[in-house]
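What follows is each chain in one-letter form.
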Amino acid sequence: MTELEEVRSYLVRHGQQPGPVEVGAALRSLGELVSDQRVRSTVAALRRESEGAGPLDALLAEPGVTDVLVNAPDQVWVDRGAGLELSPVRFGSAEELRRLAVRLAASVGRRLDDGSPFVDARLPNGVRVHAVLGCVAETGTCMSFRVPNRRRLTLDDWVSAGSVSPAVAELLAGLVRAKRAFLVSGGTGSGKTTLLGALLSLVPPAERIVIAEDSRELAPQHPHCLRLEARPPNAEGAGAITLTDLVRQALRMRPDRLVVGEVRGAELVDLLLAMNTGHEGGCGTVHANSAGAVPARLEALAALGGLSRDALHAQLAAAVEVLVHVRRLPDGRRWVDELRVLRPEADSGRCQAVPAVRCEPDGRLTRGDEWVRLNQLVSP
């Protein structure tokens, strides 16, 4: 047991708070030399464990940090936008790391123990945290933090950062102006949600946006935006609110634009039905390795909602018109990689994602077979 754990145990046994006087008494009871500096440092360490994210607070507050990953007490990785790097932050013990995970889960009303060894939640400051206990993970308790962008980026910011060419930015703005239905695809951390938020900020102020998300991330700069968030079941397994529930409720809230933050399950069926009932300009994000792989990805998700392959493609052909794919470049930049138009095959009716324009990181554009159609879609 470390000295800090012994002091904590003493305070717990005596029902005391970690104040300077109490910590000084605890140190003396342990036969330790007591000094003002030692008492202050011990008090600070104890309070870090009981407030915020403990030793991770400094990393999570650092400008530019997008992810903090804890693999073990001595393995804390951080992504500052240029890939993962090992940080000097360390936990005193595996038990300290586990306590932090359990406390963060409890702070948002979630259970984390050996009977329920993983949790996915959003903290009050907007940071998403996923934790897995040692009974599941070989190295012990693991935690993954996703830090939301503290600044609401606009499409102009994407252009200024070199993440999208001006010509493609105009095409994206045209999709929003023309109220075209589209999906933003890409891998984890590629910038799907950030780009969608920037595009939603272009929606005219007179239009009402209703957003349904599994974990609240989208925050467009728009005066009439309503954000709904799903809720997991409680410790008794009751009270869950799914994305499917939210989409159905959103349809009764008079949306001009219906948005699903990330399509990942059976809610796809309700979203497609909504887009086919007069709700123009619907959009969302979906995980996919490429724009061409999106139809197959949607087939798998539709199956979760009981929709057959043929029915999915019939709905998709009438509901979604354009796919926007983003990826992360080796230098850490998010990049709008290509735009594709969904086109049903004449014989089978199954949708194919046909290239319209591909964007090279050096700014060159390669026009595809659906270039003309894309320009028609974005025209006033």
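First things first, this report covers the structure right here in the doc. (Residues numbered from 1 in each chain as written. Predicted model: local features only at pLDDT ≥ 70, side-chain atom pairs only at ≥ 80, totals over all residues. Heavy atoms only, no water.)

## Notes on unusual backbone geometry
Of note, the phi angle at Lys179 is positive, near 55°, even though the residue is not glycine. Counting through the fold element by element, Lys179 comes out in the loop between helix 7 (166-177) and strand 7 (182-186). Residue classification places Lys179 among the partly exposed residues on the basis of a relative accessible area of 23%. For Arg254, which is not a glycine, the phi torsion comes out positive at approximately 55°. Counting through the fold element by element, Arg254 comes out in the loop between helix 9 (243-250) and strand 10 (257-260). A residue is classified by how much of its surface remains accessible, and Arg254, at 58% relative accessible area, is exposed. (Helix = DSSP H or I, 4+ residues; strand = E, 2+ residues; numbered from the N terminus. Buried < 20%, exposed > 50% of the residue type's maximum accessible area, 1.4 Å probe, protein only.)

## Some thoughts on the sheet that holds strand 2 (residues 75-79)
Strand order in the open sheet formed by six strands is 3-2-1-6-5-4, and the pairing between neighbours is antiparallel. Looking at which strands have only one partner, the edges of the open sheet turn out to be strand 3 (84-86) and strand 4 (118-122). If you compare each strand with its neighbour and ignore which way they point, the axes differ by 15° on average. Each of strand 1 (67-72), strand 4, strand 5 (128-132) and strand 6 (142-146) touches helix 5 (residues 94-107); the most contacted strand, strand 6, lies at about 50° to it. (Pairing = 2+ DSSP bridges. Axes fitted to C-alpha atoms, helices over the stretch in contact; angles between N-to-C directions. Contact = heavy atoms within 4.5 Å.)

## Observations regarding the pairing of strand 10
The side-chain alternation of strand 10 yields two buried faces, one formed by Arg257 and Val259 and the other by Leu258 and Val260. Across four bridges, the pairing between strand 8 (residues 209-213) and strand 10 is parallel. The partner of Ala212 across the bridge, within strand 10, is Val260. Remark: the strand 10/helix 10 (residues 267-275)/strand 11 (residues 283-287) crossover connection has right-handed handedness. (Right-handed = clockwise from strand over helix to strand, strands pointing away.)

## As for the nonpolar core
Counting residues in each nonpolar core, the largest one holds 38 residues, and the members touching the most others are Leu172, Leu195, Leu200, Val324, Val336, Leu339 and Leu374. The element contributing the most residues to this core is helix 7, with seven residues. Ignoring any residue separated from it by four or fewer positions in sequence, one finds Leu200 in contact with Ile209, Ile211, Leu218, Pro220, His222, Val259 and Cys283. The next biggest cluster of nonpolar side chains, apart from the first, holds 32 residues, and it includes Leu272, Val294, Leu301 and Leu312. (Core = buried A, V, L, I, M, F, W, Y, C linked by side-chain atoms within 4.5 Å.)

## Observations regarding the sheet that holds strand 11
If you trace the nine strands from one edge of the open sheet to the other, you get 9-8-10-11-7-12-13-14-15, paired in mixed fashion. The sheet is open, and its two edges are formed by strand 9 (225-229) and strand 15 (365-367), each paired on a single side. For this sheet, the mean angle separating the axes of adjacent strands, direction not counted, is 25°. Both strand 8 and strand 9 contribute to a ladder of five bridges, which runs parallel. Its bridge partner lying in strand 9, Ile211 is registered against Arg227.

## Let's talk about the pattern of salt bridges
Under the definition given, this model contains 22 salt bridges. In this structure, Arg98 engages Asp114 in a salt bridge whose closest nitrogen and oxygen atoms are separated by 3.4 Å. One end of the pair, Arg98, is in helix 5; the other, Asp114, is in the loop between helix 5 and strand 4, and 16 residues separate them in sequence. Classification of Arg98 as partly exposed rests on a relative accessible area of 26%. A residue is classified by how much of its surface remains accessible, and Asp114, at 51% relative accessible area, is exposed. For Arg309, the salt bridge identified is with Glu299, shortest N-O distance 3.1 Å. Highlighted residues: Arg309 in helix 12 (residues 309-319) and Glu299 in helix 11 (residues 294-304), separated in sequence by 10 residues. (Salt bridge = Lys/Arg side-chain N within 4 Å of Asp/Glu carboxyl O.)

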